[in-house]
Amino acid sequence: MGDGGQSSAKMFSSADFLWLLGSVCTLFRIPFDARLVENRFPPPQTRATLETALKALGFRYGHQAIADLSATFTLPVPAIAFEHSRPASNEQAVEPAPVSTHGLALIVKADMGRILYFRAGSEQPHTIQASELSAHFSGLLLLARDEAVKPPASVDDPELTPGFQHKFGLGWFVPEL
């Protein structure tokens, strides 16, 4: 099995998963309810779950391997990056507990050879050189927002008539009763 299969099987913590989706929605000014998302996408949350959740929230995404990026690349932002696996720390563990071994990061800016990103669950920005990207991350999930399809306006709607002006008064209130 190749790396693509292994990386999709790695789990993220629920907190990281929800933070990332909430942050992406916030950047695009999309309402986000963590409780609803968590109910629809319960643990375990994997890369496949993340992709399904992004699609359900109205995002298109594409995959880009970091190894395929050239030195003069233009990275569309925001982008979701997958950190290299981290070894579980057993310092305080009395019994083994499930640990998020695959970190998530949100890249918010990429210019002049530098990358600005946030690790999931953190408000602390990190900056690295573009040349260090492969040392920190194993792959990228590039994002682009789908244009929301707006329902056609009603032909009978007077507000869509050119030159329509609202009249001041309480006349609008009476029909509502």
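Preceding this paragraph is the structure being described.
Definitions and cut-offs
Residues numbered from 1 in each chain as written. Predicted model: local features only at pLDDT ≥ 70, side-chain atom pairs only at ≥ 80, totals over all residues. Heavy atoms only, no water. Helix = DSSP H or I, 4+ residues; strand = E, 2+ residues; numbered from the N terminus. Areas by Shrake-Rupley, 256 points an atom, 1.4 Å probe, with all protein chains shown as cover. Phe/Tyr/Trp six-rings, centres within 6.5 Å; stacked < 30°, edge-to-face > 60°. Buried < 20%, exposed > 50% of the residue type's maximum accessible area, 1.4 Å probe, protein only. Pairing = 2+ DSSP bridges. Salt bridge = Lys/Arg side-chain N within 4 Å of Asp/Glu carboxyl O.

Draft legend 1. Fine view of the overall build of the chain. Along the chain, the regular secondary structure elements total six helices and eight strands. Along the chain, from the amino end to the carboxyl end, the secondary structure elements read α-β-α-α-β-α-β-β-β-β-β-α-β-α. If you sum the accessible surface of the chain, you get close to 12,100 Å²; carbon and sulfur atoms cover 56% of it.

Draft legend 2. Inspection of the packing of aromatic side chains at higher detail. In the structure shown here, the tally under the stated rule is three aromatic pairs. Here F28 and F59 contribute two aromatic rings whose centre-to-centre distance is 5.3 Å and whose plane-to-plane angle is 65°, an arrangement assigned as edge-to-face. Of the two residues, F28 is situated in the loop between α2 (14-27) and α3 (34-40) and F59 in strand β3 (residues 59-64); the sequence distance between them amounts to 31 residues. Accessibility expressed as a relative area gives 29% for F28, which makes it partly exposed. A ring pair is formed by Y117 and F137, whose centres lie 5.1 Å apart and whose planes are at 85°; its orientation type is edge-to-face. Taken together, the residues Y117 in strand β6 (residues 114-119) and F137 in strand β8 (residues 137-145) connect sequence positions 20 residues apart. In this pair, the class of Y117 matches that of F137, namely buried.

Draft legend 3. Spotlight on the pairing of strand β7 (residues 125-129). In the sheet, β6 pairs with β7 via five bridges, with the strands oriented antiparallel. Each bridged residue has a counterpart across the sheet, and for Y117 the counterpart in β7 is H126. The hairpin turn running from β6 into β7, its antiparallel successor, is five residues long, and G121 in that turn takes a positive phi close to 85°.

Draft legend 4. Region of the structure containing the pattern of salt bridges. Scanning the model with the defined rule gives two salt bridges in all. Note that R47 is salt-bridged to E51, the shortest N-O span being 3.7 Å. Highlighted residues: R47 and E51, both in helix α4 (residues 47-56), separated by four residues, approximately one helical turn. The shortest N-O distance in the salt bridge between E83 and R119 comes to 2.8 Å. Residue E83 is found in strand β4 (residues 79-85), and its partner R119 is found in strand β6; the two are separated by 36 residues along the sequence.

Draft legend 5. Structural detail: unusual backbone geometry. Cis geometry is adopted by the peptide bond preceding P44, which originates at P43 and carries an omega value of 5°. Here P44 is to be found in the loop between α3 and β2 (45-46). The residue R29 is not glycine, and still its phi comes out positive at about 55°. Turning to its location among the elements, R29 is positioned in the loop between α2 and α3.

Draft legend 6. Here's a closer look at the environment of L140. Examined against the element boundaries, L140 turns out to sit in strand β8. Here the alpha-carbon distance between L140 and A65, two residues 75 residues apart in the chain, equals 6.1 Å.

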